[in-house]
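Here's the letter readout for the chains.
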Amino acid sequence: MIEKIKNSRVLFWCLAVLTVALTGLFSLVDLSEYYIVAVKKDIEGYPFGAEGPVAGIEHYKSAELYAKHMLKWSLIFFALFVLTLYFIIKRKTIGLLFVLILLLIFML
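Residues numbered from 1 in each chain as written. Predicted model: local features only at pLDDT ≥ 70, side-chain atom pairs only at ≥ 80, totals over all residues. Heavy atoms only, no water.

A. Just the packing of helix α2 (residues 63-90) against helix α3 (residues 93-107), in detail. The contact between α2 and α3 brings their axes to 9 Å, and the two run at 165 degrees. Here α3 runs roughly antiparallel to α2, going by the angle between their axes. Where α2 crosses over α3, the two elements pack in a sense that is left-handed. Across the interface between the two elements, W73, I76, F77, L80, L83, T84, F87 and I88 of α2 pack against G95, L96, V99, L102, L103 and F106 of α3. Of the residues in the contact of α2 with α3, the class split is 12 nonpolar, two polar and no charged. (Axes fitted to C-alpha atoms, helices over the stretch in contact; angles between N-to-C directions. Helix = DSSP H or I, 4+ residues; strand = E, 2+ residues; numbered from the N terminus. Parallel < 35°, antiparallel > 145°, perpendicular 65-115°, else oblique. Left-handed = near helix turned anticlockwise from the far one by under 90°. Contact = heavy atoms within 4.5 Å. Nonpolar A, V, L, I, M, F, W, Y, C, P; charged D, E, K, R; others polar.)

The following block contains the structure:
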């Protein structure tokens, strides 16, 4: 009985750390992309437009569209980050699994 409790605690904290790390990382990366393109206007290394290696990808048509796309995803990942913190405070393993599954779906 005690072994099951310890295993469930270990599972909970492994899921918690993994989910916090991934949602926080993706939120920060996307927000930094938004900052670089929209605020600093440093777009030299980005191949925007209809030609080049990203031709045909919708959010690479312009710098403004790319920045909006990155901001949107940053906010989505931040919402998942906050939801993860809520589930950690409430000690809900199933909630952490839900957030992790959502994260994996969004990454596809």
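Still to come is the rest of the account.
B. Broad picture of the side chain of S27. Locating S27 in the fold gives a position in helix α1 (residues 2-39). The buried category is assigned to S27, whose relative accessible area is 7%. Discounting chain neighbours no more than four positions away, the residues touching S27 are S74, F77 and F78. (Buried < 20%, exposed > 50% of the residue type's maximum accessible area, 1.4 Å probe, protein only.)

C. Here's a closer look at unusual backbone geometry. A positive phi angle is found at K41, which is not glycine, with a value near 60 degrees. Summarising the element assignment, K41 is placed in the loop between α1 and α2. Even without being glycine, R91 reaches a positive phi, approximately 60 degrees. Turning to its location among the elements, R91 is positioned in the loop between α2 and α3. Take R91: its relative accessible area is 52%, and that puts it in the exposed class.

D. Structural detail: α2. A rise of 1.5 Å per residue sets the reference length of α2, with its 28 residues, at 40 Å; its end C-alpha atoms lie 41 Å apart and thus fit the reference within 8%. Within α2, burial applies to Y66, A67, M70, W73, S74, F77, L80, T84, F87 and I88. Positive phi appears at R91, one or two residues downstream of α2, with a value of about 60 degrees. (Expected span 1.5 Å × (residues − 1).)

E. Main features of a nonpolar patch on the surface. Together, I94, L97, I101, I105 and F106 line one region of the surface with nonpolar side chains, adding up to about 470 Å² of accessible area. Here I105 shows up in helix α3. (Patch = residues over 30% accessible without salt bridge, like charges linked within 9 Å, V, L, I, M, F, W, Y side chains within 5 Å. Areas by Shrake-Rupley, 256 points an atom, 1.4 Å probe, with all protein chains shown as cover. Salt bridge = Lys/Arg side-chain N within 4 Å of Asp/Glu carboxyl O.)

F. Broad picture of the nonpolar core. Core analysis: the largest hydrophobic core is formed by 12 residues, namely F12, L15, A16, W73, F77, L80, F87, I88, L96, V99, L100 and L103. Of all the elements in the fold, those that place two or more residues in this core are α1, α2 and α3. Tallying contributions element by element places α2 first for this core, with five residues. Apart from residues lying up to four places away in sequence, L80 is in contact with T23, V99, L102, L103 and F106. Judged by nonpolar contacts, the second largest core, of seven residues, contains V37, F48, Y60 and Y66. (Core = buried A, V, L, I, M, F, W, Y, C linked by side-chain atoms within 4.5 Å.)

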